[in-house]
Amino acid sequence: MKVEYRVTLESMRRNRSRTRITIFGVVLCIAMLSAIATMMTSYRSAMIEGVIARNGFYHYSFNEISSSDVQRLQANQDVAQVVITYADKARYGTKDDNAEMQTTIQINGVKEKDLALKGNALIQGSYPSNAHEILVSEQFLKKYEKAIGDPITLRIGDYPKQQWQTKQQQDYRISGVIKSWWDDVGYMNTIVAYDTQQEALHKNNLSAYLCLDSLRHKEDKIARIQSQLHTEYGSNTNYDLLQFYEITDSEFMKTMLIAGSIMATLILLGGGSLIYNAFAISLSERTRYLGMLSSVGATRKQKKRSVRFEAFVIGCIALPIGLCLGIGGDAIAFHLFDGLIRSSSSSDLDLKVVVNWQILLIIVMFTIVLLLFSSWLPARRASHISAVTAIRQNSDVRIRKKDVKVSRITQRLFGFEGTLAMKNMKRNPFRYRATLLSFIICMVLFLSAITLMGLVQSTILMHMQTNADVRLSIQNNTDDESPYQPYEEAALASYKNMRYADHATIVLHSGLNVKDGSYLSKEAKKVLQKYEKIADIDTNFKESNLSHLEIYGLQDEELKAYCKQVGVDMKKLKAHQGMILVNAPLKDAYALKHVNWFQVKKGSLFPGSFQKKGDPYEAYEGKDADEIPESLPVQTFEHPVYIEKVTQQTPTFLEAANAYPTSYLITSFDTVNALHVALDKKDGVILDFCEIFYQSTHPNELQDELIKQQTMNMSVKNIAKENEKTKSLNLLVSLFLYGFVGLLILISITNIMNTIATSMQLRKREFAMLKSIGVTKKQFHRMIGYESIFYGIKTCLYGLPIAFIIMVVLSKTFSLSFENKLYIPWLGVAITILALFLLLTMIMLFSIHRGEKDNIIETIRQESI
Amino acid sequence: MELLKVEHVSKIYGAKETQVKALDDVSFTVEKGEFVAIVGPSGSGKSTLLHILGGVDRPTSGQVILDGNAMYQMDEDGLAIFRRRQIGLIYQFYNLIPVLNVKENITLPLLLDQRKVNEDYFQKLVQQLGLQDRLNYLPNQLSGGQQQRVSICRAIMASPAVVLADEPTGNLDRKNSEEIVGLLKQLHREQKQTLIMITHDESIALQADRILQIEDGKIVKDEVIRR
């Protein structure tokens, strides 16, 4: 082995602790980079799997195409695979089968090998073996309380004139169950065995699901394919799947890339600073050796090689360990947090380690470049170390007067010990700046990371609904032609007393439009302009969220309680058919703003604007497209509502504050019905539905009970389940971010320890000299303490402003604040400053303590040739 | 008047098979104002003795009493304070603080003691040692001889009871060596400074009042050269 390499290895062996720390730092960097890269590729892979399981694996689909179009698709060179299905509609039910709102069942003819096509994985039983067997969804089983092997009779039919018509009845036996991902029961999916005869019967109404041979230029390809077909309908994109294969057009991928890049940058900055510092320090320690090499004839190239060899050795050791730790760490984390990961996603995410070797190769290349770059400058400096420098064993030969100049203020404030501390810090400007820079980077990294953490957590939790556990929506009046049917409280009573419901609030929902912003307060206009970014609110009021107000009609029990709360006489309210105008507070993650959005006097009439029924384009029927204006004004009419009171207090069934400007009207159940009747007489469009907000300690069981009674005009939302997912997601993200921040701290601490400990080591002789002259322990500790304080102060002076700039940028990026308020984690800042000083002092004192037992004269002698 | 009393001082390094007795039951006294040279072959224990006298190395056994103070009965801090007030140490390799200029290096013991510098005395000393034009210089800007002068200045700035010099000319050329020895002698003569010096150079040793010869950790000869 070349002598310069042997010298390097020997030096590394002699300074085992420093070498270990350097390797540890590099290992940590690589581990973090590879862990994040693997996490992202694994997450992407799991998301793709999840989407394929839910939506299917197809790229595009065409509905209602002919069999000849299918043949064209099959012959197309850009198409790798085509799957054909056909579908019928059916109804099923034992009571009131003909009721309008009965659930429609979709009977799909799908081949067994194509079951995964639309996310219909078979989870129990077997594929139909004949035409009288059927696969049903989990929802179906739950709703109708069926089991595999049970017979069912479906009434196959359609809606030829908006009304259900049964064509035939068909008996089936349930042979298996398919996975259903969606809680909402709109169309229930069932699957029958694919039959070519049936295909022929549906020859003009087939669905084709295709996969392209490659996704490059996919838009052009699908446009070409479309042009060859004779269908008037366009293609449908499985965007949920395709977004994972794009970068520029995919929000998901863009977010992943940005997040990954930010984290990688933070790691590279922290790690790069650590590695660079380590080499710079190593050089200081090896000055004597390199000088000796020089004195016996080593060339500059050989001395440079010595430093680079150290980088090579560290890289060889750290790279494989780091990669294994990173990937292994992910595997362990996925296993440990499997439950949490699944509960935080809407699709039962199964996270498995997926390694993308190309990305890992990039990481390896990055690390090599980083090691080379970090050792480049020290290598260059090493090549200039002369024999004399080493013999004198004094790199301090280059101390300049101006470098060790200390201001009078420092001398007066901190005394001689402080002066000496300051001079020691500044004696080697290169090392001083490198050390300070690494401290500043540590501080900035840490503060940026905790700010990011706070903002991400706030964003996730901000949109959590807390007003109810389960919500049932019922919409009775869906046909504009039929007369309005008021909601009967008696008919809704059974929903109020559901099993597993602890408390239920029935609300009759309506809404009105606000004609213009003339009733808006000045403050409201200012906030809207800033928050909703509407330049001229008077002209563009319709763009505002406040141009439409929701109306909530409460039953007497809830209305009484609310009226008492806001100081309104319920009897008078009902007698006047009046409404209480609520100006709800605006919230973001960390502040509430109370704004009187509308300034309306109590006892006055508020002009609500309502749309008239009818299609404005009816008058242009039969006319050429050129003759039809692009947009036609919708006909409206005014219908005033009586304002009984204006308040900022929100009723309990609604959110106390919203993330957008909100005003609404609270009134009685009967008043809303009466309003609708009045609007109906004036031929107005009525936006009504009934909502029931449930409080429940068993929300999942309540949801199942509601699904059993669910019809087409109902939807059930399990708010508690969604909140649990949000909380799980928040916990998962927090754990990840805490882990990330924790590791960044570890890199920072490693860096600081390496720098300080080695600096102390290099000055052992000087310390012994001072002790020999008569420095007491206290004075010595004070001197070292001042050094810590000075480094700490300088770090804060530079680091805090930089960190604050980053906090401002992050705050604006997250746009959480309606008044551009900044998110500054003051507690985190205080802890960081305190921790920095504490850490510096502890490390220095620890280093001193190690040398305390050293004999003064032996230390002085040892360091002399 | 007896200034320094060394009583049965021994210094042992290591243990069992690797035990080395650097000093073996050494006892002697030094009068105030005396110039003592300590001579002996390499490894005889003369530097060890000097460093024990200077309070920078503890004896394994025995006692050192300087100006009535039993040095090794003091705690670490007490010894450090005693050292900067009562003992001036001059090393072969100068051991100046690289970040302090000449003036700061010289006045270091006083600065540590938070005592005011007697400017007249300071000026007198630096004039005497030829450093008046170098006061703002850093050690790396001085020659070896100049650095040793600074070291000497530092050693006597606090008017210590005793100045201990460990081969002060070992790193200097002949001319500088002669100058340094001359300066030390001058200080000894003019200020009645008690001076104990280790030297290999016989000609320097003969300039002392008394020569202590050490071999294998024992004083083998204690010769008075001049009274």
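Reading the values: the criteria
- Residues numbered from 1 in each chain as written.
- Chains lettered and ligands numbered in written order.
- Predicted model: local features only at pLDDT ≥ 70, side-chain atom pairs only at ≥ 80, totals over all residues.
- Heavy atoms only, no water.
- Helix = DSSP H or I, 4+ residues; strand = E, 2+ residues; numbered from the N terminus.
- Rg over C-alpha atoms; globule rule 2.2 N^0.38 Å.
- Buried < 20%, exposed > 50% of the residue type's maximum accessible area, 1.4 Å probe, protein only.
- Contact = heavy atoms within 4.5 Å.
- UniProt positions renumbered as here; feature names shortened; annotations may be inferred.
- Axes fitted to C-alpha atoms, helices over the stretch in contact; angles between N-to-C directions.
- Parallel < 35°, antiparallel > 145°, perpendicular 65-115°, else oblique.
- Nonpolar A, V, L, I, M, F, W, Y, C, P; charged D, E, K, R; others polar.
- Pairing = 2+ DSSP bridges.
- Buried area = accessible area lost by both parts, 1.4 Å probe.
- Salt bridge = Lys/Arg side-chain N within 4 Å of Asp/Glu carboxyl O.
- Left-handed = near helix turned anticlockwise from the far one by under 90°.
- Phe/Tyr/Trp six-rings, centres within 6.5 Å; stacked < 30°, edge-to-face > 60°.
- Lys NZ or Arg CZ within 6 Å of the ring centre and 35° of its normal.
- Disulfide = S-S within 2.5 Å.

Novice: In this structure, what is going on with the overall build of chain B? I would like to understand it.
Specialist: Within chain B, the secondary structure is distributed over eight helices and 10 strands. In summary, chain B has a C-alpha radius of gyration of 17 Å against a globular reference of 17 Å for 227 residues, a match within 12%. The principal-axis extent of the C-alpha atoms belonging to chain B is close to 50 × 40 × 35 Å. Burial statistics for chain B: of 227 residues in total, 57% are counted as buried. The long-range fraction of contacts in chain B, counting pairs at least 24 apart against all pairs at least 6 apart in sequence, stands at 68%.

Novice: Could you clarify how one ought to interpret the UniProt feature "transmembrane region" (unreviewed entry) in chain A in this entry?
Specialist: All names here are of chain A. In the numbering used here, UniProt assigns the "transmembrane region" (unreviewed entry) feature to residues 21-40, 256-279, 311-337, 357-377, 432-456, 735-757, 788-811 and 823-846. Across residues 21-40, the secondary structure splits into 100% helix and 0% strand, with the terminal C-alpha atoms separated by 28 Å. In residues 256-279, the share of helix is 100% and the share of strand is 0%. The end C-alpha atoms are 33 Å apart.

Novice: Before we go on, may I ask you to explain the packing of helix 5 (residues 119-128) of chain B against helix 7 (residues 174-191) of chain B in this structure?
Specialist: A pair of packed helices is characterised by two quantities: the angle between their axes and the separation of those axes. All names here are of chain B. It is at 11 Å that the axes of helix 5 and helix 7 come closest, and there the two elements cross at 140°. Taken together, helix 5 and helix 7 sit at an angle that is classed as oblique. Across the interface between the two elements, Tyr 121, Leu 125 and Gln 128 from helix 5 touch Leu 183, Gln 186, Leu 187, Glu 190 and Gln 191 from helix 7. A per-class count over the contact of helix 5 with helix 7 returns four nonpolar, three polar and one charged.

Novice: Hey, could you run me through the pairing of strand 9 (residues 210-215) of chain B in this one?
Specialist: Residue and element names in this part refer to chain B. Two strands pair when backbone bridges link them, and strand 3 (residues 35-39) and strand 9 are joined in this way by four bridges, in the parallel orientation. Across the sheet, Ala 37 pairs through a bridge with Ile 211, a residue of strand 9. Relative to strand 10 (residues 218-224), strand 9 is paired through six bridges, and the arrangement is antiparallel. Pairing of Ile 214 across the sheet is with Ile 219, part of strand 10. Where strand 9 folds back on strand 10, the antiparallel hairpin that results is connected by two residues, among which Asp 216 adopts a positive phi of roughly 50°.

Novice: I would appreciate a short explanation of the sheet that holds strand 3 of chain B in the present structure.
Specialist: Sheets are built from strands that pair by backbone hydrogen bonding, the pairs being arranged parallel or antiparallel. All names here are of chain B. Read across the sheet, six strands follow the order 6-7-8-3-9-10 without closing on themselves; strand pairing throughout is mixed. Unpaired on one side and paired on the other, strand 6 (87-90) and strand 10 mark the two borders of the sheet. Taken pair by pair, the neighbouring strands of this sheet meet at an average axis angle of 15°, ignoring direction. Relative to the sheet, helix 1 (residues 46-53) contacts strand 3, strand 6, strand 7 (162-166), strand 8 (194-198) and strand 9, its axis offset from that of strand 7 by approximately 150°. Across the sheet, helix 6 (residues 144-157) touches strand 6 and strand 7, and the angle it forms with strand 6 is around 170°.

Novice: I'm lost on the sheet that holds strand 5 (residues 69-70) of chain B in this one. Help?
Specialist: All names here are of chain B. Spatially, 2-1-4-5 is the arrangement adopted by the four strands of the open sheet, whose pairing is antiparallel. The open sheet has two edge strands, strand 2 (20-31) and strand 5, and neither has a second partner. Along the sheet, helix 1 makes contact with strand 1 (2-13), strand 2 and strand 4 (61-66), crossing strand 2 at roughly 55°.

Novice: Honestly, the interface of chain A and chain B in this entry has me stumped. Any pointers?
Specialist: For interface size, the figure often reported is the accessible area lost on association. Facing the 33 residues of chain A at the interface are 30 residues of chain B. Of the roughly 2700 Å² buried at the junction of chain A and chain B (both faces included), carbon and sulfur atoms supply 62%. In terms of surface lost to chain B, no three residues of chain A exceed A:Lys401, A:Phe416 and A:Ile773, which account for 23% of the buried area on that side. Here B:Glu104 ties to A:Lys423 by a salt bridge, and the two come within 3.4 Å at their closest N and O atoms. Sorting the residues of the side of chain A that touches chain B by element identifies helix 14 (408-426), helix 23 (764-773), helix 24 (777-814) and helix 26 (856-862) of chain A as the ones contributing at least two each. It is helix 23 of chain A that provides the largest number of residues to the side of chain A that touches chain B, a total of seven residues. Classifying every residue of the side of chain A that touches chain B gives 13 nonpolar, seven polar and 13 charged.

Novice: Which parts of the structure should I look at to understand the pattern of salt bridges?
Specialist: Close approach of charged atoms lets side chains of opposite charge pair. All names here are of chain A. Within this structure, the stated rule accounts for 33 salt bridges over all chains. Here Asp 704 and Lys 142 are joined by a salt bridge, their closest N and O atoms 3.5 Å apart. You can see Asp 704 sitting in helix 21 (residues 699-708) and its partner Lys 142 sitting in helix 4 (residues 138-144), a full 562 residues away along the chain. Given a relative accessible area of 41%, Lys 142 falls into the partly exposed group. For Lys 727, the salt bridge goes to Glu 724, with nearest N and O atoms at 3.6 Å. One end of the pair, Lys 727, and the other, Glu 724, are both in helix 22 (residues 719-762), three residues apart, so they sit about a helical turn from each other. Residue classification places Lys 727 among the partly exposed positions, given a relative accessible area of 41%. By relative accessible area, Glu 724 is classed as partly exposed at 44%. Salt bridges linked by common partners bring Glu 145, Arg 499, Glu 705 and Lys 708 together as one network.

Novice: Any chance you could explain the packing of helix 2 (residues 16-55) of chain A against helix 22 of chain A here in plain terms?
Specialist: Residue and element names in this part refer to chain A. At a closest axis distance of 10 Å, the pairing of helix 2 and helix 22 adopts a crossing angle of 160°. Looking at the two axes, helix 2 sits roughly antiparallel to helix 22. Helix 2 and helix 22 meet at a crossing whose hand is left-handed. Within the contact between the two elements, helix 2 uses Arg 18, Ile 21, Thr 22, Phe 24, Gly 25, Leu 28, Cys 29, Met 32, Ile 36 and Met 39 and helix 22 uses Phe 736, Phe 740, Leu 743, Leu 744, Leu 746, Ile 747, Thr 750, Met 753, Asn 754 and Thr 758.

Novice: Please clarify how the packing of aromatic side chains should be interpreted in this entry.
Specialist: The relative placement of two aromatic rings is captured by the distance of their centres and the angle of their planes. Enumeration over the complete set of coordinates arrives at 18 aromatic pairs over all chains. With a centroid separation of 4.9 Å and 70° between ring planes, the pair formed by A:Tyr58 and A:Tyr209 is classed as edge-to-face. Here A:Tyr58, found in the loop between helix 2 and strand 1 (60-65), pairs with A:Tyr209, found in strand 9 (residues 206-212); they are 151 residues apart in sequence, far enough to count as distant. Residue A:Tyr58 is classed as buried on the basis of its relative accessible area of 12%. For A:Tyr209, a relative accessible area of 8% corresponds to the buried category. Plain terms: the ring middles of A:Tyr92 and A:Tyr144 are 4.9 Å apart, the flat faces sit at 85° to each other, and that makes the pair edge-to-face. Taken as a pair, A:Tyr92 in the loop between strand 2 (79-91) and strand 3 (104-110) and A:Tyr144 in helix 4 lie far apart in primary sequence, 52 residues in all. The exposure class of A:Tyr92 is buried, given its relative accessible area of 8%. For A:Lys111, the ring lying beneath its charged end belongs to A:Tyr194, and the centroid distance is 4.8 Å. Against the face of B:Tyr137 rests B:Arg134, its NZ or CZ located 5.0 Å from the ring centre.

Novice: Please explain the environment of A:Ala264 as it appears in this structure.
Specialist: If you trace the backbone, A:Ala264 turns up in helix 8 (residues 251-285). As for A:Ala264 and A:Ser34, which are separated by 230 residues in sequence, their C-alpha atoms are 9.6 Å apart.

Novice: Just checking my understanding: could you explain the state of the cysteines for this structure?
Specialist: Working definition: the covalent bond between the sulfur atoms of two cysteines is a disulfide. Residues and elements named next belong to chain A. Enumeration according to the criterion identifies zero disulfides over all chains in this entry. Note on Cys 316: no disulfide assigned, nearest cysteine sulfur contributed by Cys 324 at a separation of 14 Å. The partly exposed category is assigned to Cys 316, whose relative accessible area is 42%.

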